[in-house]
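Results of the structural survey
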Amino acid sequence: MNVVNKFKETLVSVLPVMAIVLVLGLTLVPVEKDVLLRFIPGGLFLILGLTIFLIGVDMAIQPMGERTGAELTKKRKLWLILLTAALIGFIVTVAEPDIQVFANQVQKVFPFVNKLLITFVIGIGVGLFLMIGLLRSVLNLSVKIVLFISYLILFTVSFFIPESFIAVAFDSGGATTGPMTVPFIIALGIGVSNVRIDNKNSFGLTGIASVGPVLSILIYSIVLNKTGAFSSEGVTAGTEVLQKAQGGIFSVFFAPAGEVFKEAVISILPIFVLFIVFQLTLLKLTKRQVIKMIIGFVYSFTGLTIFLIGVNGGFMQAGLELGKKLGEAANLYGGWWYVLLIVTGLIFGAIIVCAEPAVWCLSEQVEQVTGGTIRRKVLLLFLAGGTALAIGLSLWRAVAGFNLRWILIPGYSIALLLMIFCPEVFSGIAFDSGGVASGPLTSTFVLSFTIGASSGALGHSDSFGVIALVAMMPLIAVQLMGIIYKIKTRGAR
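Residue numbers run consecutively from 1 along every chain, following the written order of its sequence. This being a predicted model, a pLDDT of at least 70 is required before a residue's local features are given, and a value of 80 or more before pairs of side-chain atoms are given or counted; all residues contribute to the totals for chains, interfaces and linings. For side-chain calculations, the full set of non-hydrogen atoms in the structure is used, while hydrogens and water are omitted.

Patches were defined on residues exceeding 30% relative accessible area and lacking a salt bridge, with like-charge contacts within 9 Å and nonpolar side-chain contacts (Val, Leu, Ile, Met, Phe, Trp, Tyr) within 5 Å. Where accessible areas are quoted, they stem from the Shrake-Rupley method and a 1.4 Å probe; at the residue level, only the protein chains shown are allowed to cover. The term salt bridge refers to a pairing of a side-chain nitrogen on Lys or Arg with a carboxyl oxygen on Asp or Glu at a separation within 4 Å. Judged by side-chain polarity, Ile145, Phe148, Ile149, Leu152 and Ile153 come together as a nonpolar surface patch covering roughly 480 Å² of accessible area. Working definition: helices are DSSP H or I runs of at least four residues, strands are E runs of at least two. Numbering for both runs from the N terminus. Within the fold, Ile149 resides in helix 6 (residues 143–158). The class for Ile149 is partly exposed, based on a relative accessible area of 44%. Burial here depends on accessible area, computed with a 1.4 Å probe over protein chains only, as a share of the maximum for the residue type. Under 20% is buried, over 50% is exposed, and the range in between is partly exposed.

Listed below in structure tokens is the structure:
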């Protein structure tokens, strides 16, 4: 574990975004000084918190997942593997910091949505599809077939829900796979596949698991619709999301500290209890290993608390305000202001995806699988272009208000069509990468920025969908990489 490297990863992730916000907020799009003054310590809290959190993940969450997967497979009891996978998926998802932030955003726009309930619904979806993903791995089924059937069911159900909630459902799939969920799911898949001869069975597990929350939210919205929750009054009441923080510059960070502390406890405690249960029944780690795990959980809890304080205290507020100012200017003056808004989104997209720590891990993985044929820099270039386009389209939709299906259905259709021509291992990596690309910055700052832009331009929030588009683009980009690799390999032969 290299603490300095972890700090550098998070620093590179957040600083470019902070620089762009400060430049625009002080020049072309003046943002209130108190908002910018809160934004700076908010960003610093986010950097510190995410660094400590990721150190804890490396010390406790990831080793726990890998060991659990290996030990479960050695038991040779399929029902035990599947039942444990469902429980793990639910608990780890509820503990995901991105989900905490995402649930808050949804509740602000749709006040009839219960934050705790929607978190549990998302967790149930992840648990069920993680179970399906591990079943595929154990039975050595084709990841392409499982993904194709899953998305066919998903899009069929999507035609029976209210239009205003489709973006929320698809966003939940990207928000689920964050800094806690992804390492644990990948580690669990590796633990299962390492017991088998074919280690490539671990690819695609994250992609399959991310289908679950989308489908569960779609079903949840059907139930809500039958109760009349999606009345125009109910939705309109939740569109005022740009509430100014009250109090001094630093008081806004510590005033909600009690609530943040409670959220962190709710997130970490279930998975810690799960660790104790596994230690007594399955893992049987040494005393030294147990102490290291406990220290890792303390790091995770501390980091998550600091992260949430930074996000809620000033980081998201600046994104909301900047997006609102740009949206208002585009609505009033049009022309180049629309261009500036979308170009800003394109820049955010290119920077954020290249700065996400999990994306660097993915690029290393692809380079190793292809023996260097597909180089890391080329993959990052494709992912940066795809993510930039996703956020640009999200901002265009935020200010124009067109139907999200016009982008999602063609995009996912192309991704599913590419599976026919793409090597299976790359299809698995591609659908895994969809969750990897939509990390902490997307679910916090970028989502807030698009909500602000939509509110400024249209007078109401029509901005959910940005995480869904960011999660969709890598499916196309990485599979194109796979097809290029396939063509090059045939040429070499």
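Before going further, it helps to examine the packing of helix 1 (residues 3–26) against helix 14 (residues 287–333). Note on method: axes are straight lines fitted to C-alpha atoms, helices fitted across the in-contact stretch only, with angles between N-to-C directions ranging 0 to 180 degrees. Packing of helix 1 against helix 14 leaves a shortest axis separation of 11 Å and a crossing angle of 45 degrees. Put simply, helix 1 runs oblique to helix 14. For the pair helix 1 and helix 14, the crossing hand works out as left-handed. Residues Val14, Met18, Val21, Leu24 and Gly25 of helix 1 form the contact with helix 14, whose participating residues are Phe315, Ala318 and Leu322. Roughly parallel means an angle under 35 degrees; roughly antiparallel, over 145; roughly perpendicular, 65 to 115; everything else is oblique. By convention the crossing between two helices is left-handed if the near helix lies anticlockwise of the far one by an angle smaller than a right angle, and right-handed if it lies clockwise. Two residues form a contact once any of their heavy atoms are found within 4.5 Å.

The contact between helix 6 and helix 19 (residues 424–437) brings their axes to 9 Å, and the two run at 45 degrees. The angle between the axes of helix 6 and helix 19 places the two elements in the oblique class. Of the residues in helix 19, those in contact with Val143, Lys144, Leu147 and Tyr151 of helix 6 are Glu424, Ser427, Gly428 and Phe431. Gly falls in the polar group here, along with every residue not listed as nonpolar (Ala, Val, Leu, Ile, Met, Phe, Trp, Tyr, Cys, Pro) or charged (Asp, Glu, Lys, Arg). Split by residue class, the contact of helix 6 with helix 19 holds four nonpolar, two polar and two charged.

A word on the packing of aromatic side chains. Side-chain rings of Phe, Tyr and Trp (the six-membered ring for Trp) are treated as a pair once their centres are within 6.5 Å; stacked means planes under 30 degrees apart, edge-to-face means over 60, and tilted covers the remaining angles. Throughout the structure, instances matching the rule amount to 16 aromatic pairs. Seen from their ring centres, Phe155 and Phe170 are 5.5 Å apart, and the 35 degrees between their planes marks the pair as tilted. Here Phe170 lies in helix 7 (residues 163–176) and Phe155 lies in helix 6, a separation of 15 residues in the sequence. Each of the two residues, Phe155 as well as Phe170, counts as buried. Their ring planes at 40 degrees and their centres at 6.3 Å tell us that Phe272 and Phe275 sit as a pair that is tilted. One end of the pair, Phe272, and the other, Phe275, are both in helix 13 (residues 257–283), three residues apart, so they sit about a helical turn from each other. For Phe272, a relative accessible area of 22% corresponds to the partly exposed category. Ring pairs connect the aromatic residues Tyr151, Phe155, Phe170, Tyr412 and Phe431, which therefore count as one cluster.

Attention now moves to helix 10 (residues 211–226). Expected span of a helix, by definition, is 1.5 Å for each gap between consecutive residues, and there is one gap fewer than residues. With 16 residues, helix 10 extends 23 Å between its outermost C-alpha atoms, agreeing within 8% with the 22 Å of an ideal straight helix rising 1.5 Å per residue. Turning to helix 10, the residues buried within the fold contact helix 5 (115–139), helix 6, helix 7 and helix 9 (205–209). Phi for Gly228, located one or two positions after helix 10, is positive at around 80 degrees.

Here the focus is the environment of Ser210. Relative to the helices and strands, Ser210 resides in the loop between helix 9 and helix 10. By relative accessible area, Ser210 is classed as buried at 11%. Spatially, the C-alpha atoms of Ser210 and Gly173 are 4.8 Å apart, while their sequence positions differ by 37 residues. Ignoring any residue separated from it by four or fewer positions in sequence, one finds Ser210 in contact with Gly173 and Thr177.

Bringing the nonpolar core into the picture now. Only buried residues count toward a nonpolar core. Its members are Ala, Val, Leu, Ile, Met, Phe, Trp, Tyr and Cys residues joined through side-chain atoms within 4.5 Å. The biggest cluster of nonpolar side chains holds 150 residues, and the ones touching the most others in it are Val21, Met64, Phe102, Phe170, Phe445 and Phe464. Examining the composition of this core, we find that 14 residues originate from one element, helix 14, more than from any other. Apart from residues lying up to four places away in sequence, Phe445 is in contact with Val17, Val21, Phe39, Phe315, Gly319 and Phe348.

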